[in-house]
Amino acid sequence: MAKHLTDKDVERVVEILDGWRDKLTWEALCNACAPVIGTKPARQTLLKFSRITMAYNACKTRLKENAPLNIPPSMRVAVERINRLEQENERLKRENAGLLQQFVVWQYNAYAQGLNANLLNKPLPTIDRGQTE
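Residues numbered from 1 in each chain as written. Predicted model: local features only at pLDDT ≥ 70, side-chain atom pairs only at ≥ 80, totals over all residues. Heavy atoms only, no water.

Enquirer: Lay out the packing of helix 1 (residues 7-18) against helix 5 (residues 73-112) with the relevant residues and their values.
Expert: It is the contact of helix 1 with helix 5, at a shortest axis distance of 9 Å, that shows an interaxial angle of 130°. One finds that helix 1 runs oblique with respect to helix 5. Residue-level contacts link Glu-11, Val-14 and Asp-18 of helix 1 to Arg-84, Gln-87, Glu-88 and Arg-91 of helix 5. Residues belonging to the contact of helix 1 with helix 5 are distributed by class as follows: 1 nonpolar, 1 polar and 5 charged. (Axes fitted to C-alpha atoms, helices over the stretch in contact; angles between N-to-C directions. Helix = DSSP H or I, 4+ residues; strand = E, 2+ residues; numbered from the N terminus. Parallel < 35°, antiparallel > 145°, perpendicular 65-115°, else oblique. Contact = heavy atoms within 4.5 Å. Nonpolar A, V, L, I, M, F, W, Y, C, P; charged D, E, K, R; others polar.)

Enquirer: Go over the nonpolar core with me, naming the residues and quoting the values.
Expert: The biggest cluster of nonpolar side chains holds 18 residues, and the ones touching the most others in it are Leu-17, Leu-24, Leu-29, Leu-46 and Ile-52. Of all the secondary-structure elements, those providing two or more residues to this core are helix 1, helix 2 (26-37) and helix 4 (50-65). (Core = buried A, V, L, I, M, F, W, Y, C linked by side-chain atoms within 4.5 Å. Buried < 20%, exposed > 50% of the residue type's maximum accessible area, 1.4 Å probe, protein only.)

Enquirer: I'd like a description of the side chain of Arg-62, backed by residues and values.
Expert: Position of Arg-62 relative to the elements: it lies in helix 4. Buried and without a salt bridge, Arg-62 has Asp-18 as its closest oppositely charged side chain, separated by 6.2 Å. A polar contact of 3.0 Å, which involves the side chain of Arg-62, links it to the backbone oxygen of Leu-17. Separated by 3.3 Å, the side chains of Arg-62 and Gln-87 make a polar contact. Those residues in contact with Arg-62 that sit more than four places away from it in its chain are Leu-17, Asp-18, Trp-20 and Gln-87. (Lys, Arg positive; Asp, Glu negative; His and termini not counted. Salt bridge = Lys/Arg side-chain N within 4 Å of Asp/Glu carboxyl O. Polar contact = N/O pair within 3.5 Å; in protein donor to acceptor, adjacent residues only side chain to side chain.)

Enquirer: A description of empty space enclosed by the protein should follow, citing residues and the corresponding values.
Expert: Counted under the stated rule, the structure contains 1 cavity of 30 Å³ or more. Within this model, the largest cavity holds a volume of roughly 40 Å³. What lines the largest cavity is simply Leu-17, Asp-18, Ala-55, Ala-58, Cys-59, Arg-62, Gln-87, Arg-91 and Arg-94. Examining the composition of the lining of the largest cavity, we find that 4 residues originate from one element, helix 4, more than from any other. Counted by class, the lining of the largest cavity contains 4 nonpolar, 1 polar and 4 charged residues. (1 Å grid on protein atoms, 1.4 Å probe; cavity = no way out; pocket = protein on both sides within 12 Å on 5 of 7 lines; lining within 4 Å. Points joined across faces, edges and corners; volume = space filled by probe spheres on them.)

Enquirer: Report on helix 1, specifying residues and quantitative values.
Expert: Helix length check: helix 1, at 12 residues, gives a terminal C-alpha distance of 17 Å against a target of 16 Å (1.5 Å per residue), a fit within 8%. Those residues of helix 1 that fall on the buried side of the exposure criterion are Asp-9, Val-10, Val-13, Val-14, Ile-16, Leu-17 and Asp-18. Considering only its buried residues, helix 1 is in contact with helix 2, helix 3 (43-47), helix 4 and helix 5. (Expected span 1.5 Å × (residues − 1).)

Enquirer: How would you summarise helix 5 if you had to cite specific residues and measurements?
Expert: Its 40 residues give helix 5 an end-to-end C-alpha distance of 59 Å, which sits within 8% of 58 Å, the value for a rise of 1.5 Å per residue. Within helix 5, burial applies to Arg-91, Glu-95 and Ala-110. Considering only its buried residues, helix 5 is in contact with helix 1, helix 4 and helix 6 (117-120). Where helix 5 ends, the next residue or the one after it, Gly-114, has phi of about 85°, a positive value.

Take a look at the structure:
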């Protein structure tokens with residue numbers, strides 16, 4: 001039976017894509033995921049997650065745009081780390097923009113249903129687990 005990916009697994013796959021340098025295919029990504037998440041996921045499994053799909057498309061675009069750099073080997077590690085961090089930063093900005101857009105939709109729907117800020121900011125109920133202090 002196939003393993004379902006957890007949020008942590010999705011995060012690890014996206015991190016793999018942030019640092020990807022070789023030719024990118026779904027098969028290569030599935031193979032790269034195996035040692036990281038413990039099992040080789042199917043392409044269809046990865047496609048179910050919009051974060052992975054967006055990161056995959058961004059990585060493909062980045063790889064097409066970036067030509068190999070002629071830099072000294074001593075600087076290669078630093079340049080690769082900077083590139084990976086820049087890609088991660090761009091991905092996080094896109095995800096944040098998507099979450100902000102979702103929040104605006106929720107905000108409008110709450111307003112349309114007559115919910116006010118006091119009701120929305122009401123604290124969660126405490127859970128009595130029967131423990132003594």
